[in-house]
Amino acid sequence: MGFDLLHFYLAKKPKISLNSLLEKLFTNRHNLKTISMFAKYSLVILFFSYILGNSVSFAKINILAIGDSLTKGYYAQGESYAPYTDTMNEIFDSSPMQIDIVNRGVDSLPIEIIHCNLEYAYEQDDYDLTIFLGGTNDLGYGFQEEEIINNLGVSYANILNSGSFLVGMTIPDLETINPQVDPKRASVNQWIRDYFKRADPKQALLFDLQDLVKNDWDKELFWDHDNVHFSPAGYAKIGEELVETFKASSILDSIEFKKTQIPIRSRILNFLCRFKN
C-alpha cells in the first residue's frame, strides 16, 4: 500500500524528483514519526505472516484405541462389530481438529497379549493419545488380581514411556452377578483408580467405564444378549462419553497446542536468524 501511494503521489506531481520527495519526507519530524510507525507495523505483519504460515491449521492428532473385544465392538456373537471409536470419529468429523483414530481391539485377548499388540502398534506409528481397555478376559480365564494388576502396570508404563497420553479404563461389570469374579474385578478396578489418582494429569486420565455401566446404563438398550458385551447403542454411548471426557479435560486442546508450538518455535528462530543476517 505504501508504494502504491508513493507512485500515485509522483504521478500527480511529475515535476518532483524522487530524491527531493524523500528529502522532504525525512526532514519533517511528523513524516519521520509516520514512516517509523509504518515500518514497525510492516515488520510486525511480516513477522507474523512468516511465523504462522500454515500453522493456523490444526496439527493432526493420532489416537490409538487398544484392547479386547470390548474395544473392537463385538456384539451378536461376533457376527457384527460396532466399536465406540466409530461414534468418536463421527463426532470429530465436525470438529476443526484433524483427529485420526486407529482401533486395534482383538477378540479374547488377555492384557499380556494386548500389550504385545500395543508394542507392535507403536512400531508402526506414533500416537499422541492411547485408550487402553483390558481385563475382562483375564478375569474370565481365572487370572489372579495380582497378575492382572502387574500386566496393567507394564502396559501403562509402556504407553507413558512412548510419550503418548494415557487414557485408562476400569473393567466393566457383567450384567449378571458372579461371586467368583466380582471381588477380583473390584480389587483391580480400585488399583486402576488409585493409579490414576497418583498419575500426572498432564500425562494420564481415568475413564471409569465400570462407574458408567453401573450408574448411567440402560440395561435393555445398552447390553448385548450375552450379558458380557454391549449393543451398538452401548458402544455408541461409550464413544459419546469419551468425547465429553476429552472436552471437559481439554486433553486434545493441550496435545494440539504442543504439536503446533514446535513448528512455530522453529519459524521464530529461523526468522530471527534471517533478520540478524
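Just above, that's the structure.
Residues numbered from 1 in each chain as written. Predicted model: local features only at pLDDT ≥ 70, side-chain atom pairs only at ≥ 80, totals over all residues. Heavy atoms only, no water.

1. Some points on the nonpolar core
Next up, step 1: The biggest cluster of nonpolar side chains holds 34 residues, and the ones touching the most others in it are M88, L129, I131, I238, L242, F246 and L252.
Next up, step 2: Elements supplying a minimum of two residues to this core: β1 (60-67), α5 (84-92), β4 (98-105), β5 (129-133), β6 (165-169), α10 (209-215), α12 (232-249) and α13 (251-276).
Next up, step 3: Looking at this core, the element that brings in the most residues is α12, giving five residues.
Next up, step 4: Setting aside residues up to four positions removed in sequence, M88 forms contacts with I101, I131, G239, L242, V243 and F246.
Next up, step 5: With 25 residues, the next largest nonpolar core counts L109, L118, Y156 and A204 among its residues. (Core = buried A, V, L, I, M, F, W, Y, C linked by side-chain atoms within 4.5 Å. Buried < 20%, exposed > 50% of the residue type's maximum accessible area, 1.4 Å probe, protein only. Helix = DSSP H or I, 4+ residues; strand = E, 2+ residues; numbered from the N terminus. Contact = heavy atoms within 4.5 Å.)

2. What about the packing of aromatic side chains?
Next up, step 1: Counted under the stated rule, the structure contains 13 aromatic pairs.
Next up, step 2: Seen in terms of ring centroids, Y122 and Y127 are 6.3 Å apart; in terms of plane orientation they differ by 40 degrees. Their pairing is tilted. Y127 carries the same exposure label as Y122, and that label is buried.
Next up, step 3: Through pairs of rings, three or more aromatic residues link up here, namely F132, Y156, W191, Y195 and F196.
Next up, step 4: The side chain of K72 reaches across the aromatic face of Y81, ending 4.5 Å from its centre. (Phe/Tyr/Trp six-rings, centres within 6.5 Å; stacked < 30°, edge-to-face > 60°. Lys NZ or Arg CZ within 6 Å of the ring centre and 35° of its normal.)

3. A closer look at the pattern of salt bridges
Next up, step 1: Considering all chains together, one arrives at seven salt bridges under this definition.
Next up, step 2: Salt-bridge contacts for K237 lead to E241; the nearest nitrogen and oxygen are separated by 3.2 Å. Of the two residues, K237 and E241 both sit in helix α12, four residues apart, roughly one turn of that helix.
Next up, step 3: Residue K237 is classed as buried on the basis of its relative accessible area, which comes to 15%.
Next up, step 4: Judged by relative accessible area, which is 24%, E241 ranks as partly exposed.
Next up, step 5: Three or more residues joined by partner-sharing salt bridges are found here, namely D173, D182 and R185. (Salt bridge = Lys/Arg side-chain N within 4 Å of Asp/Glu carboxyl O.)

So far we have only geometry, and geometry alone does not tell us how the molecule works.
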